[in-house]
Amino acid sequence: LQVDSAFFYVDRSFELASYWKMPAVQAEAKLTKAKIAFSNKDPFGSLKLNEEAVEFAEQSEDSLVLAKSLSQLGGSYSSLRLDSTALEYCRQALRLADPKRDEVLYGNILNQIGHCVSNLGDNQAALSYYQQYSDIVGRHKMYKERATCH
């Protein structure tokens, strides 16, 4: 029931964003639905929604929304143990992310890349990404208690 209710409200925000031609908001709505699907044990549904989010984010001309969308798409592939593909999307996201505008997003992408390269067997590179992530987390008080490296 709670998932249905959450989907209803996210769908409503998507409809309004569609009406007002706001692709960045449409992308964010798809990202939210993807997170809900993933938490509801639907990794393939989450993957599809993340792919749709990237399409809207590309239309938005907002590099941070696109970076977030690519990062979350990478996370979907990683959850399916497709770490080479995940790494490609996360590296694209890192190139677009601007640590001056959203350092937390930038740090999360570094952490994801660390996770992917670790799964692919390059623990030395993973350690470097995790260290950069840790440095960013250390600067953000709200993050300190929740942050963990994979």
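One can find the structure itself at the top, above this paragraph.
### So, the overall build of the protein
Moving on, step 1. Counting its regular elements, the protein contains eight helices and zero strands.
Moving on, step 2. Counted from the first residue to the last, the protein has its helices and strands arranged as α-α-α-α-α-α-α-α.
Moving on, step 3. Relative to the globule expectation of 15 Å for 150 residues, the C-alpha radius of gyration of the protein, 16 Å, shows essentially globular dimensions.
Moving on, step 4. Taken along the three principal axes of its C-alpha coordinates, the protein extends 45 × 30 × 30 Å.
Moving on, step 5. A burial count over the protein gives 43% of its 150 residues as buried.

### Quick look at the nonpolar core
Moving on, step 1. Core analysis: the biggest nonpolar cluster contains 35 residues, and Leu94, Tyr106, Ile109, Leu110, Ile113 and Val117 have the highest contact counts within it.
Moving on, step 2. Listed by contribution, the elements that provide at least two residues to this core are helix H1 (2-19), helix H2 (23-39), helix H3 (43-60), helix H4 (63-79), helix H5 (83-96), helix H6 (103-119) and helix H7 (123-138).
Moving on, step 3. Those residues in contact with Ile109, other than ones at most four positions away along the chain, are Ala67, Ser71, Cys90, Ala93, Leu94 and Ala97.

### Regarding the packing of aromatic side chains
Moving on, step 1. Scanning the entire structure with this criterion turns up four aromatic pairs.
Moving on, step 2. Judged by centre distance (5.1 Å) and plane angle (80°), the rings of Phe8 and Tyr9 are edge-to-face.
Moving on, step 3. According to the relative accessible area criterion, Phe8 is exposed, its value standing at 52%.
Moving on, step 4. Seen from the ring of Phe14, Lys30 lies directly overhead, with NZ or CZ sitting 4.7 Å from the centre.

### Focus on the packing of H2 against H3
Moving on, step 1. It is the contact of H2 with H3, at a shortest axis distance of 8 Å, that shows an interaxial angle of 170°. Put simply, H2 runs roughly antiparallel to H3. Within the contact between the two elements, H2 uses Pro23, Ala24, Gln26, Ala27, Lys30, Leu31, Lys33, Ala34, Ala37 and Phe38 and H3 uses Pro43, Gly45, Ser46, Leu49, Asn50, Glu52, Ala53, Phe56, Ala57, Gln59 and Ser60.
Moving on, step 2. Grouping the amino acids of the contact of H2 with H3 by side-chain chemistry returns 12 nonpolar, six polar and three charged.

### Quick notes on H6
Moving on, step 1. Its 17 residues give H6 an end-to-end C-alpha distance of 24 Å, which sits within 8% of 24 Å, the value for a rise of 1.5 Å per residue.
Moving on, step 2. Among the residues of H6, the N-terminal cap falls to Asp102, whose side-chain oxygen and the backbone nitrogen of Val104 are separated by 3.4 Å.
Moving on, step 3. Immediately beyond the C-terminal end of H6, within one or two residues, lies Gly121, with a positive phi of roughly 100°.

Here is what the cut-offs are and how they apply
Residues numbered from 1 in each chain as written. Predicted model: local features only at pLDDT ≥ 70, side-chain atom pairs only at ≥ 80, totals over all residues. Heavy atoms only, no water. Helix = DSSP H or I, 4+ residues; strand = E, 2+ residues; numbered from the N terminus. Rg over C-alpha atoms; globule rule 2.2 N^0.38 Å. Buried < 20%, exposed > 50% of the residue type's maximum accessible area, 1.4 Å probe, protein only. Core = buried A, V, L, I, M, F, W, Y, C linked by side-chain atoms within 4.5 Å. Contact = heavy atoms within 4.5 Å. Phe/Tyr/Trp six-rings, centres within 6.5 Å; stacked < 30°, edge-to-face > 60°. Lys NZ or Arg CZ within 6 Å of the ring centre and 35° of its normal. Axes fitted to C-alpha atoms, helices over the stretch in contact; angles between N-to-C directions. Parallel < 35°, antiparallel > 145°, perpendicular 65-115°, else oblique. Nonpolar A, V, L, I, M, F, W, Y, C, P; charged D, E, K, R; others polar. Expected span 1.5 Å × (residues − 1). Polar contact = N/O pair within 3.5 Å; in protein donor to acceptor, adjacent residues only side chain to side chain.

That is the geometry; function is a separate question.
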